[in-house]
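# Secondary and tertiary structure notes
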Protein chains: 2
Amino acid sequence: MKIIHTADWHLGRILNGKSLLEDQAYILDEFVAAMQKEKPDVIVIAGDVYDTSYPSKAAIMLFEETINQLNLHMQIPMIVTNGNHDGKERLNYGAKWFEKSQMYIRTELATMATPINIGNVNFYCLPFATISEVQAFFDDKTITTHQAATQSCITYMAENLDTSQFNVLIGHMTVQGGTRSDSERPISIGTVESVEQDVFAPFNYVMLGHLHHPFSIDSEFIHYSGSLLQYSFSEVNQPKGYRMLLIDEMEQQQLFIPLEPKRQLEVVEGDYEAAIQEIIPLKNKENYIHFKLKNMTHVTDPMMHLKQIYPNTLSLTNVSFNFETASVENNTELRELNDSEIINNFYQSMTDSTLSELQHKKIVQLLNDLLEGEE
Amino acid sequence: MKIIHTADWHLGRILNGKSLLEDQAYILDEFVAAMQKEKPDVIVIAGDVYDTSYPSKAAIMLFEETINQLNLHMQIPMIVTNGNHDGKERLNYGAKWFEKSQMYIRTELATMATPINIGNVNFYCLPFATISEVQAFFDDKTITTHQAATQSCITYMAENLDTSQFNVLIGHMTVQGGTRSDSERPISIGTVESVEQDVFAPFNYVMLGHLHHPFSIDSEFIHYSGSLLQYSFSEVNQPKGYRMLLIDEMEQQQLFIPLEPKRQLEVVEGDYEAAIQEIIPLKNKENYIHFKLKNMTHVTDPMMHLKQIYPNTLSLTNVSFNFETASVENNTELRELNDSEIINNFYQSMTDSTLSELQHKKIVQLLNDLLEGEE
């Protein structure tokens, strides 16, 4: 039994104004070619197929063509669940027809305890859901944390788990201690979003999405596949690819297999003149580059000059120009705060009083509504 | 053989700021119930499933649930083609999976000459396409009218037509002499959009969408089903429903079957006081009403007062208040002009010169781009 685990495709992602669709099409071609060689028994996508709940025409066409190759041409069963970026109704469109070709799309809590059996493996999908959706599902207002929500779901699934089988959980969440990247949108504001590894104990293996680093956590049986591509400059040097799980009667084995992208993200540091004279050290001129340059205060429109030589320059920081206050990027203290804390601090510094409980509640509600991207 | 013909559902349509989705869900329930009794061999939807190329979540969920009932639960084969309001890529999403359950979605010119055979009937879909798409398909720049575009397509289809079979054409267009309504968006600007009935001669029967009146044209073998609901006040008193075609070895028979909507559109004329005192003659207080009232110049916010009594009031015209110039609504001359002619006349009245050929071309291009709703 050969199982492929991928996640966080984020189709349609735009990074610093640049659409990454061409890079996504390229890497998906590589992925499809790899699957042609691997001939897996099933492919799992653990959420965030799309970058937005309202994906563009081009993004849905890229997804459709990719699953057409994998599921219809190669006849590989596929299991897809939603992440926090996906609009579940749009991702789920046509699911009943797709399922007839073993293309399983699961976005509803209602089906979490109904496994998909492929080979001798039971796959359980825990679709991404907000705390209030989990509250509503169990009719239990005491569920107020992601830890409690996940625990409730797993307890519910575990009730009828056939422990003589190999049971795989597919989910999209933050596991405690995981390495974070800038491109993971927070799951919710105002609550601790991570869940403890212990909750997954009833399962033999856990395939996760959300964290973009493929080695986010250190566990024998819980794994993130990582994202399809580097999606923020905080992911520079992170390997990207997919995971493979091999199970036979005797043992199980899992490994991470990297894929080579068309362009990588690269941070290039040095002198502005060295960059312009092309003597600055860098890996590839075609990469998506974030320049951090010195000695450029005299230059008019340095970005334009850089783009003429490095066409995929996405970002430029002038490192000689130091404000008295630390920049956001280097302000570790600020970076560790969440959005509602930043708003609270700002309010305090402006008014000398703190937000009332009601004000705080309203702001958290507003931030969560924005996150959920309701139409 | 029993064939149901419907078209112009316009799911997600908003009329004067009011979403008609609830009414659409209601009438589709009626349609599904009718199909439960009719048990047809096939249902054809001749374009304009959606009102926009980028339909809302609610609109796609209503479509999905409706075809789930018809195609999966009742196992009725369905054929759907796109209209000028549909975004063809979004409508076509998942088509290869849908087709395995005899849910045929056809939006590409490439498949127009490939019939769908159900029973002893061949169904040919001519998806809605712009003139430039037809030009590109045949690599023929001499195609410059809708008449020529349709003629080219039908000649191409006719080449391999098996005339011993009953051949049905499904299309979305304006046939010459058809009755127009205000809710049909023009197919293109700057060209005559209607096609002559003669072009359809190779086919035994033609099922059309686009014109909203079910008795738009007078023909033995060419029929519009009309729209699902009244979609503009110009459609008041138009019956709405579906068509049925019965074919046996001896003969064919076709009929229009009306469906009763939750609310109709109604134009109510009379005195403002009579409306407020509820003594004005009308069919149903819950209808979507366009009031044309006299003696209301003294009233502050008459619309608010009317809505308190007639909650679905959508429009109000003060008929005692006559401008010197005729209103747009009553200006027959203006109503017969198309958008580019209106712009040209405006330009002429403002500048005393006419649009240059280049200016005219640019405006027509702009209007057509708007019509095609490119993302």
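Residues numbered from 1 in each chain as written. Chains lettered and ligands numbered in written order. Predicted model: local features only at pLDDT ≥ 70, side-chain atom pairs only at ≥ 80, totals over all residues. Heavy atoms only, no water.

Here we take up the environment of Ile105(A). Residues and elements named next belong to chain A. Structurally, the position occupied by Ile 105 is in strand 6 (residues 103-106). Of the residues examined, Ile 105 reaches a relative accessible area of 4% and is grouped as buried. Between the alpha carbons of Ile 105 and Asn 92 there is a distance of 6.1 Å; along the sequence they are 13 residues apart. Setting aside anything within four residues of it in sequence, one finds Ile 105 in contact with Val 80, Leu 91, Asn 92, Ala 95 and Phe 98. (Helix = DSSP H or I, 4+ residues; strand = E, 2+ residues; numbered from the N terminus. Buried < 20%, exposed > 50% of the residue type's maximum accessible area, 1.4 Å probe, protein only. Contact = heavy atoms within 4.5 Å.)

Glancing now at the pattern of salt bridges. All names here are of chain B. What the rule picks out here adds up to 20 salt bridges over all chains. With a closest N to O distance of 3.1 Å, Lys 2 and Glu 38 form a salt bridge. Taken together, the positions of Lys 2 in strand 1 (residues 2-6) and Glu 38 in helix 1 (residues 21-38) put the pair 36 residues apart, joining distant regions of the chain. Here the two residues Lys 2 and Glu 38 agree in accessibility, since each one is buried. Between Glu 133 and Lys 88 there is a salt bridge; the shortest N-O distance is 3.4 Å. With Glu 133 in helix 5 (residues 131-138) and Lys 88 in helix 3 (residues 88-92), this residue pair connects regions lying 45 residues apart in the sequence. Residue Glu 133 is classed as partly exposed on the basis of its relative accessible area, which comes to 32%. (Salt bridge = Lys/Arg side-chain N within 4 Å of Asp/Glu carboxyl O.)

Turning next to a negative patch on the surface. Taken together, the side chains of Asp29(A), Glu30(A), Glu65(A) and Glu260(A) present a region of like negative charge at the surface. With respect to the secondary-structure elements, Asp29(A) resides in helix 1 (residues 21-38). (Patch = residues over 30% accessible without salt bridge, like charges linked within 9 Å, V, L, I, M, F, W, Y side chains within 5 Å. Areas by Shrake-Rupley, 256 points an atom, 1.4 Å probe, with all protein chains shown as cover. Lys, Arg positive; Asp, Glu negative; His and termini not counted. Charge placed at Lys NZ, Arg CZ, Asp CG, Glu CD.)

Before going further, it helps to spend a moment on the domain arrangement of chain A. For chain A, the domain assignment lists domain 1 (2-258), domain 2 (265-318) and domain 3 (339-372). Centre-to-centre, using C-alpha coordinates, domain 2 of chain A lies 38 Å away from domain 3 of chain A. (Domains from an automatic or database assignment.)

Once that is clear, we can look at the nonpolar core. In this structure, Phe63(A) and Phe63(B) are the most contacted members of the largest nonpolar core, which totals 89 residues. If near-sequence neighbours (up to four positions away) are discounted, Phe63(B) is found in contact with Tyr93(A), Trp9(B), Leu11(B), Ile45(B), Val49(B), Tyr50(B) and Met103(B). (Core = buried A, V, L, I, M, F, W, Y, C linked by side-chain atoms within 4.5 Å.)

For the rest of this paragraph, the subject is the interface of chain B and chain A. Interface extent is often summarised as the accessible area lost during association of the parts. Facing the 27 residues of chain B at the interface are 27 residues of chain A. For the pair chain B and chain A, the two sides together bury roughly 2700 Å², of which 60% comes from carbon and sulfur. The interface formed by chain B and chain A holds two salt bridges in total. The salt bridge involving Lys57(B) is made with Glu89(A); its shortest N-O contact spans 3.7 Å. Counting across the chain B and chain A interface gives seven residue pairs in polar contact (both at pLDDT 80 or more). Its residues placed into classes, the side of chain B that touches chain A shows 13 nonpolar, six polar and eight charged. (Buried area = accessible area lost by both parts, 1.4 Å probe. Polar contact = N/O pair within 3.5 Å; in protein donor to acceptor, adjacent residues only side chain to side chain. Nonpolar A, V, L, I, M, F, W, Y, C, P; charged D, E, K, R; others polar.)

The subject of this paragraph is helix 1 of chain A. Residues and elements named next belong to chain A. For helix 1, spanning 18 residues, the distance from its first C-alpha to its last is 25 Å, which sits close to the expected 26 Å at 1.5 Å a residue. Among all positions in helix 1, only Asp 23, Gln 24, Ile 27, Leu 28, Phe 31, Val 32, Ala 34, Met 35 and Glu 38 are buried. Looking at the buried side of helix 1, the elements it contacts are strand 1 (2-6), strand 4 (42-46), helix 2 (57-73), strand 14 (241-247), strand 15 (252-258) and strand 17 (288-294). The first or second residue beyond helix 1 is Lys 39, which carries a positive phi of 45°. (Expected span 1.5 Å × (residues − 1).)

Turning next to the packing of aromatic side chains. Under the counting rule described, the total for this entry stands at 26 aromatic pairs over all chains. An angle of 65° between the planes, with centres 5.7 Å apart, marks the rings of Tyr124(B) and Phe203(B) as edge-to-face. Taken as a pair, Tyr124(B) in strand 8 (residues 121-126) and Phe203(B) in the loop between strand 11 (194-195) and strand 12 (205-209) lie far apart in primary sequence, 79 residues in all. Like Tyr124(B), the residue Phe203(B) is buried in the burial classification. Ring pairs connect the aromatic residues Tyr93(A), Trp97(A), Phe98(A), Tyr93(B), Trp97(B) and Phe98(B), which therefore count as one cluster. (Phe/Tyr/Trp six-rings, centres within 6.5 Å; stacked < 30°, edge-to-face > 60°.)

What follows deals with the relation of the copies chain B and chain A. Expressed as a screw operation, the relation of chain B to chain A combines 0.1 Å of axial shift with a rotation of 180°, fitting to an RMSD of 0.1 Å. Such values leave the two copies arranged in the relation of a two-fold axis. Closest approach to the rotation axis within chain B is made by the C-alpha atom of Trp97(B), at a distance of 3.0 Å. (Least-squares fit on C-alpha atoms with pLDDT ≥ 70 in both.)

On to the environment of Asp162(B). Residue and element names in this part refer to chain B. Tracing the backbone shows Asp 162 in the loop between helix 6 (146-158) and strand 9 (166-172). For the pair Asp 162 and Ile 131, spaced 31 residues apart in sequence, the C-alpha separation works out to 27 Å. Side chain to side chain, Asp 162 and Ser 164 meet in a polar contact 2.6 Å long.

Attention now moves to empty space enclosed by the protein. In this structure the tally under the stated criterion is four cavities of 30 Å³ or more. By volume, the largest cavity is sized at about 210 Å³. Along its surface, the largest cavity is lined by 13 residues, and Ile60(A), Arg90(A), Ile60(B), Arg90(B) and Tyr93(B) are the ones closest to its centre. Going through the elements one at a time, helix 3 (88-92) of chain A together with helix 3 of chain B are the ones with two or more residues in the lining of the largest cavity. Looking at the lining of the largest cavity residue by residue, the class counts come to 11 nonpolar, no polar and two charged. (1 Å grid on protein atoms, 1.4 Å probe; cavity = no way out; pocket = protein on both sides within 12 Å on 5 of 7 lines; lining within 4 Å. Points joined across faces, edges and corners; volume = space filled by probe spheres on them.)

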